[in-house]
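Examination of the molecular architecture
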Amino acid sequence: MGDSSRFQINLPDDLIMRGVIAPGGSKTPILCIPGLTRNASDFEDFAPLAASTGRDVYAISLRGRGRSDYDPNHLNYFPTIYVGDVLAALDQLSLPRAIFVGTSLGGIVTMLTAAAAPERIAGAVINDVGPELAPEGIARIAGYVGARAARANGAAPDLNAAIAEIRALNEVAFPGRDLSFWETFARRTFAQQPDGSWKLAYDPNIGRALLEAGPAPDLWAPFAALGPISTLVLRGAISDLLTPSIIDKMRAARPGFDYCEVENVGHAPTLTEPDAWASIRQFISRID
């Protein structure tokens, strides 16, 4: 997934959203949507696996993340805005429909897209998020996003400092991982600057938006809109955002979705864990 595989989307408000494609074949394509402060690079390992099933895999960085343009109006960092951006991507990529793979915020965007344009979703993989969010997970995420926004533009002096920071924040969700895992995680979270420092690869104003934009839209109705759409829900077995009690409520509201609990991981699975990938591979094999 090098430079030749990159694409860009012209958004309605003159911003550019960027992404990458892993070519795979003519079956129904996959559209990957990352989490709150994440970007397309999170799918670097997943995309080739999914493409090997005979379908093109597109991964986008939402506005304000990765290589995509930052929005001068931080209040546009809001889920309903992202739905419009995703639909613009499908249109400009000439994709009538796709299998959505959404991690965290990406899963929320998938649910909202199901409510707005269900015909565009051939299947949905919802990764460690639900229509209700556990308050302890929300508090943890809001805490580190807000703290980063207030800190020197999110810069770490060198790669080792970036690795140490990302490990301290996320080791609770990925216990026992080796240094190579954390270096990869850091490189996907930070971008190296000309002076050698490493800057967070997202707009710090996302933290402001999280505090100022008001409550997220109600998600139970969008989740119900997934009813006629084949859906797989993944949960990290030690996730603090998607709890077993929320899964029970989801099953009561929308019975029959596929489910995988990914062992020894919290929020959120990378999708390449053996049990996660096995469930995804089986799920997408049912969609031509």
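In what follows, the accompanying structure is described.

Definitions and limits used
Residues numbered from 1 in each chain as written. Predicted model: local features only at pLDDT ≥ 70, side-chain atom pairs only at ≥ 80, totals over all residues. Heavy atoms only, no water. Pairing = 2+ DSSP bridges. Helix = DSSP H or I, 4+ residues; strand = E, 2+ residues; numbered from the N terminus. Contact = heavy atoms within 4.5 Å. Axes fitted to C-alpha atoms, helices over the stretch in contact; angles between N-to-C directions. Disulfide = S-S within 2.5 Å. Buried < 20%, exposed > 50% of the residue type's maximum accessible area, 1.4 Å probe, protein only.

**Comments concerning the sheet that holds strand β7 (residues 190-192)**
With respect to topology, three strands assemble into an open sheet ordered β6-β8-β7, the strand pairing being antiparallel. What marks the edges here is a single partner per strand, and that holds for β6 (155-156) and β7. Sheet topology places β7 next to strand β8 (residues 198-200); three bridges connect them, and they run antiparallel. Within β8, the residue paired with Ala-191 across the bridge is Lys-199. Along the sheet face, helix α5 (residues 159-170) touches β6, β7 and β8 and points at about 180° away from the line of β7. Across the sheet, helix α6 (residues 179-189) is in contact with β7 and β8; its angle to β7 comes to roughly 80°.

**So, the state of the cysteines**
Applying the stated criterion across every chain, the model contains zero disulfides. Here Cys-32 stays free of any disulfide, with the sulfur of Cys-260 as its closest cysteine sulfur at 16 Å. Of the residues examined, Cys-32 reaches a relative accessible area of 0% and is grouped as buried.

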